[in-house]
Each structure stands twice: as C-alpha cells, then as structure tokens.
Amino acid sequence: MTSTHAFWLAGRQVTGEDSFDVTSPWDGRLVGSVSVPSEAQVEEAVAAAYAVRDEFAATPAHVRAAALDHVSKRLAERTEEIAQLISAENGKPIKWARGEVGRAVSVFRFAAEEARRFNGGEAQRLDTDAGGQGRLGLTRRFPKGVVLGIAPFNFPLNLCAHKVAPAIAAGAPIILKPAPATPLSGLILGDLLAETELPAGSWSILPVPNDRMPALVQDERLPVISFTGSDKVGYAIMDSVPRKHCTLELGGNGAAVVLGDYASDADLDWAATRIATFSNYQGGQSCISVQRVIADASVYDRLLPRIVAAVEAQATGDPSDPKTDVGPLVSEDAAKRVESWVDEAVAAGATLLTGGERDGATYAPTVLADVPADVTIACEEVFGPVLTVRKVDGEEEAFAAVNDSKFGLQAGVFTHDLQVAFRAHRILEVGGVVIGDVPSYRADQMPYGGAKQSGVGREGVRYAMEDYTYERVLVLTGLAL
C-alpha cells in the first residue's frame with residue numbers, strides 16, 4: 001500500500017483533504033499518492049511567505065549559503081534513490097535521471113557560491129559634476145518580493161532546483177508549484193530544505209492543480225513569477241498579470257546546422273551520433289532537443305544515412321534498465337499527439353526514413369525528410385523523439401533556415417571555422433549558440449533563455465538572482481572624497 005505524500009507549507013509537512021495518484025507512464029503502476037492543498041492552506045503559505053519577506057531578505061548570506069550547501073550535499077548522498085523516483089514518475093531512462101540529479105547537485109552548489117558573493121554593492125563617484133561634490137552612490141540589489149515558481153514535468157527535479165535555489169540565494173521567499181504529472185521529485189526538495197535553518201515561511205512546495213492556478217498567479221503578494229513550460233500557457237500568464245515581473249522559459253524547435261567544412265568521416269560520425277542522441281534523450285521532451293537538422297548539400301548525402309543508423313541504434317524500452325536510451329513520453333496522450341503530427345507530415349509529402357510507430361506512451365525514434373514548411377511539425381515544438389532533416393546550399397541559407405521560426409532558444413552549428421562561429425553568434429536569433437555540438441548543451445550556471453517566442457528573461461543561477469532582485473541606490477552626502 002502506497003502512502004500519501006504530504007506537501008510542504010511554510011517549512012512544515014502537512015496534508016489536505018484531497019489527493020491524486022501519480023502513475024508510471026511506462027507501465028501504469030502507482031508511484032505515489034500526493035495530498036492536495038486546500039484553498040485555505042494555499043492562503044496560509046502565501047501569507048507566511050509575504051510576512052517573512054523582509055526578514056528573509058535580511059538573513060545573513062552565510063545562513064542562506066549553508067542551507068544551499070546542505071541541499072546540494074544531501075542530493076548527492078541520495079542520488080540513486082532520487083533518480084529512481086524521477087524515472088518512475090517521469091518515465092525518464094535511469095541513466096538520464098541520474099544525470100539530472102547530478103545537475104541539481106550543481107545548481108544548489110552554484111547557488112551557495114553566489115549567495116556568498118552576490119550583492120556586494122557597487123560604489124559610484126557622483127562628484128563628476130559640481131552638483132555632486134561630496135556625494136557617493138552605493139548600489140545594492142534587493143529582492144522584488146515573493147517568487148511563484150512554476151515547474152514542468154520534463155526535468156522534475158532540476159527545473160524545480162532552478163526556481164528554488166536562486167530565490168533562496170537572493171533572499172526571496174518562494175512558493176514552488178511542481179508539475180501535476182511529476183510532483184514527487186519536487187516534494188523531495190522539501191525533505192532536504194526542512195533539515196536547514198531557513199526561516200519558516202521562506203519556502204513552500206504546493207502541488208496545486210492547474211485549474212486553481214489563476215488565482216495564485218494573480219495574487220498581488222507574489223510580484224515575481226518564474227514559469228517554465230509551453231509558450232501558450234506562459235504568455236497567457238504574462239497577459240493576465242501585466243504589472244508583475246515574469247520570467248518565462250518557453251518552447252523551442254532546436255536546430256543543428258552541419259556546414260560544408262564539417263566533412264571528414266570522423267566529423268560526420270560525431271555529428272550524427274550527437275544529433276541522434278539529443279533528438280531522443282528525455283524522449284525528445286526537452287526544449288533544446290534537436291528537432292531540425294539543416295545540412296549543407298555538400299555533406300547531406302553522407303550525413304543522412306549516418307543519422308538514420310544512429311537513431312535506429314537508440315535503445316528503447318524499460319526506463320529502469322541502464323541500457324535504455326529512450327523511454328516513454330510522459331503520457332499516452334502526449335505520444336498520440338506526436339503520432340498525429342508525424343502522420344500529418346507524411347500525408348503532406350514528408351518522407352519517413354525510420355520510426356513512426358507508437359506503442360502506448362512510447363513513440364519510436366523517428367526521422368523525417370522532405371517535410372513541407374507549413375505542417376505542424378515544421379512550425380511547432382514537437383516535444384517528442386522526432387527529427388526532421390533539410391538540405392541547404394551554404395551558410396547563408398542555413399542560418400536563414402534557423403531563423404525561419406517563431407522560436408529562438410538555442411542552436412548548434414557544426415563547423416571548424418572560427419569566423420563562421422562568430423557570424424553564427426551575430427546572425428542567429430536565439431538565446432544560445434553552441435559550436436561543434438547540438439543545441440541541447442546547457443551548463444546550469446550559464447545564462448539560459450530564448451529570443452522571440454521562446455521566452456523572456458534568463459535562468460542560470462546568477463542570472464535568475466538578478467531577475468528576482470532590483471537595484472536600489474544609496475546616496476551618501478557630505479563626504480570628503
């Protein structure tokens with residue numbers, strides 16, 4: 001019998017009157033039952049966070065850093081247990097789940113380091129004009145207020161970490177809302193935070209149902225919203241609260257460009273392997289997975305069979321098996337949506353080179369060529385293990401193809417030419433350009449976010465801390481400078 005998991009309200013574990021079940025997308029087994037906070041309990045959490053905001057902002061850096069270091073250490077100690085939980089509730093292959101825990105360990109470690117050095121203050125001379133004689137400006141950053149963090153299902157631990165760790169490091173109380181499909185990984189952070197000396201009310205983890213979120217989003221006591229998810233939901237949130245500060249990390253349809261100078265057998269083998277791996281890792285359920293391959297005509301005919309072979313070599317199956325590369329999608333409905341998009345493309349003239357089959361929530365790794373520009377899979381984020389391949393003539397056409405999208409999260413460019421690398425950085429309308437690799441590379445300390453409809457603001461620990469805070473200047477008068 002699986003017990004009901006409590007949620008975390010102002011630092012203490014409580015239960016509500018209702019609950020919901022979390023099941024494995026692989027085999028449908030019950031992973032856990034999660035208690036749902038009542039409206040009164042949500043109000044209590046918000047009120048507690050709002051009441052503690054000044055106290056928490058004034059908490060010494062060493063206290064916040066010590067708490068973050070503790071969480072990092074405990075995550076590392078419990079890696080295998082937590083990875084098994086991620087794999088069970090998300091369907092993520094265990095090898096990728098272990099990697100996700102490792103990344104969360106780093107996120108909390110980075111946050112501890114930033115807590116110790118962030119907001120040291122910057123002095124500015126003001127006597128550069130006569131009216132400023134004897135005056136000195138001192139600029140520091142202070143939290144904007146309580147953060148409402150809304151996390152997605154695809155990285156159920158690490159993307160919760162990217163909400164919680166920067167907020168604590170900056171001294172901003174946070175209310176975390178994990179995804180309904182994968183709440184257990186987020187709730188486990190509460191186990192570790194409860195072992196620290198952070199003030200009561202500085203954090204809560206509330207598995208609030210999606211249909212009850214509008215009232216929480218619009219609560220004026222929560223002036224900062226950090227959301228990761230679909231562009232449709234993200235922009236609906238922003239439109240509903242135009243006076244709030246919103247950080248939105250939204251979708252993408254990541255492109256990998258393979259240029260003509262990347263032409264040796266070793267080059268093409270590397271590109272094909274990386275493309276195949278990162279079009280299918282997490283079941284393709286990553287905002288920066290490879291969805292589009294844009295290959296120069298001079299290498300296309302040699303690259304394409306390598307990609308197909310590398311995709312077909314991806315091992316699908318039980319996510320608990322360490323040999324599995326590709327597990328199920330988060331639900332059968334998600335797999336059916338991917339199936340319908342592929343079927344639409346094939347009916348419109350696309351060539352199916354491999355894959356294209358669904359078994360429950362599992363969709364086979366798939367490669368499409370000759371995809372018409374107006375079909376859904378060419379325009380939207382597939383969020384599944386599907387790859388499209390396109391032939392172009394030269395760098396200019398390749399870069400134009402990358403930019404021919406409403407999204408702009410990250411792009412990968414396979415080239416050895418340093419001049420091309422700098423041109424790509426200047427021309428490509430994306431938040432990040434990765435040279436010599438796929439767009440799926442992310443270091444958790446770097447600025448991460450997109451252009452166009454891929455979002456607003458940046459994640460990455462220090463960059464999120466800046467997003468959660470604002471500059472306040474102190475002018476000192478009558479000084480002998």
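Each chain carries its own residue numbering, running from 1 in the written order of its sequence. The model is predicted, so local features are restricted to residues of pLDDT at least 70 and side-chain atom pairs to those at 80 or more, both for listing and for counting; the totals for chains, interfaces and linings are taken over all residues. Side-chain measures were taken over the full set of non-hydrogen atoms in the model, leaving aside hydrogen atoms and water.

I'm lost on the overall build of the chain in this one. Help?
Going along the chain from the N terminus, every DSSP run of H or I of four or more residues is numbered as a helix, and every run of E of two or more is numbered as a strand. Within the chain, the secondary structure is distributed over 15 helices and 25 strands. Every radius of gyration here is taken over C-alpha atoms, with the globule rule written as 2.2 Å times N^0.38, N being the number of residues. The C-alpha radius of gyration of the chain comes to 24 Å, within 12% of the 23 Å expected for a compact globule of 481 residues. Principal-axis analysis of the C-alpha atoms gives the chain an extent of 70 × 70 × 40 Å. Two residues qualify as a contact provided that any one of their heavy atoms is within 4.5 Å of a heavy atom in the partner residue. Considering only intrachain contacts with a sequence separation of at least 6, the fraction spanning at least 24 residues in the chain is 72%.

Explanation requested: the packing of helix 13 (residues 394–403) against helix 14 (residues 418–427) in the structure shown.
Helix-helix packing is characterised by the crossing angle of the two axes and by the distance between the axes. Contact geometry of helix 13 with helix 14 gives a least axis separation of 11 Å together with a crossing angle of 30°. Where helix 13 crosses over helix 14, the handedness of that crossing is right-handed. Facing helix 13, whose interface residues are Glu-395, Phe-399 and Asn-403, helix 14 presents Val-420, Arg-423, Ala-424 and Ile-427. Amino acids are sorted into nonpolar (Ala, Val, Leu, Ile, Met, Phe, Trp, Tyr, Cys and Pro), charged (Asp, Glu, Lys and Arg) and polar (every other residue, Gly among them). Taken together, the residues of the contact of helix 13 with helix 14 sort by class into four nonpolar, one polar and two charged. Lines fitted to the C-alpha atoms define the axes, with helices restricted to the stretch that makes contact. Angles between their N-to-C directions range from 0 to 180 degrees. Left-handed describes a crossing whose near helix is turned anticlockwise from the far helix by less than a right angle; the clockwise case is right-handed.

Please explain the sheet that holds strand 5 (residues 30–36) as it appears in this structure.
Pairing between sheet strands relies on hydrogen bonds along the backbone, with the strands arranged either parallel or antiparallel. Spatially, the three strands line up as an open sheet ordered 1-5-4, and their pairing is mixed. The sheet terminates laterally at strand 1 (4–5) and strand 4 (18–23), the two strands that pair on one side only. By the bridge criterion, two bridges tie strand 1 to strand 5 in an arrangement that is parallel. Bridging across to strand 5, His-5 finds its partner in Val-34. When DSSP finds two or more bridges between two strands, those strands count as paired.

Please clarify how unusual backbone geometry should be interpreted in this entry.
Note: most residues except glycine have negative phi, and most peptide bonds are trans. The phi angle at Gln-282 is positive, at roughly 60°, despite the residue not being glycine. Structurally, Gln-282 is set in the loop between helix 9 (265–280) and strand 14 (292–296). Only protein chains enter the accessibility calculation, which uses a 1.4 Å probe; a residue whose area is less than 20% of its type maximum is buried, one above 50% is exposed, and one in between is partly exposed. Given a relative accessible area of 6%, Gln-282 falls into the buried group. Phi angles above zero are rare outside glycine, and Phe-383 is one such case at about 50°. Following the sequence through the fold, Phe-383 ends up in the loop between helix 12 (376–379) and strand 19 (386–392). Owing to a relative accessible area of 16%, Phe-383 belongs among the buried residues under this scheme.

Explain the sheet that holds strand 25 (residues 469–476) here, please?
Read across the sheet, three strands follow the order 6-7-25 without closing on themselves; strand pairing throughout is antiparallel. Two strands lie at the open edges of the sheet, namely strand 6 (122–125) and strand 25, each paired on one side alone. In this sheet, adjacent strand axes meet at a mean angle of 30° when their direction is disregarded. Note: strand 6 against strand 7 (residues 136–143), four bridges, orientation antiparallel. Bridge pairing in strand 7 places Glu-122 opposite Thr-139.

Is there a simple way to think about the side chain of Thr-182 in this case?
As for its position among the elements, Thr-182 is in the loop between strand 9 (174–177) and helix 6 (183–193). Look at Thr-182 and you get buried, because its relative accessible area is 1%. Ignoring anything within four residues of it in the chain, the contact list for Thr-182 reads Glu-89, Asn-90, Pro-152, Phe-153 and Pro-156.

Teacher, can you tell me more about the environment of Leu-268 here?
Tracing the backbone shows Leu-268 in helix 9. Once you skip the residues sitting within four places of it in the chain, Leu-268 turns out to touch Val-258, Tyr-262, Ala-263, Val-299, Arg-302, Leu-303 and Arg-306.

Please clarify how the nonpolar core should be interpreted in this entry.
What tends to happen in soluble globular proteins is that the nonpolar side chains get buried as a cluster. Only buried residues count toward a nonpolar core, which is a set of Ala, Val, Leu, Ile, Met, Phe, Trp, Tyr and Cys residues joined through side-chain atoms within 4.5 Å. By size, the foremost hydrophobic cluster in this structure holds 80 residues, and its most contacted members are Leu-68, Leu-75, Phe-108, Leu-148, Leu-157 and Ile-225. Per element, the largest residue contribution to this core is eleven residues, and it comes from helix 4 (residues 94–117). Once you skip the residues sitting within four places of it in the chain, Phe-108 turns out to touch Leu-68, Val-71, Ser-72, Leu-75, Ala-161, Val-164, Ala-165 and Leu-189. By size, the runner-up hydrophobic cluster in this structure holds 34 residues, among which are Tyr-262, Leu-268, Cys-287 and Leu-303.

I'm lost on a nonpolar patch on the surface in this one. Help?
Residues enter a patch when their relative accessible area is above 30% and they make no salt bridge; the linking distance is 9 Å between like charges and 5 Å between nonpolar side chains (Val, Leu, Ile, Met, Phe, Trp, Tyr). Each accessible area is a Shrake-Rupley estimate made with a 1.4 Å probe; only the visible protein chains count as cover when residues are assessed. Throughout this description, the term salt bridge denotes a Lys or Arg side-chain nitrogen within 4 Å of a carboxyl oxygen of Asp or Glu. Taken together, the side chains of Leu-474, Leu-476, Leu-479 and Leu-481 define a hydrophobic patch exposed on the protein surface, amounting to about 320 Å² of accessible area. Its place among the elements puts Leu-479 in the segment after strand 25.

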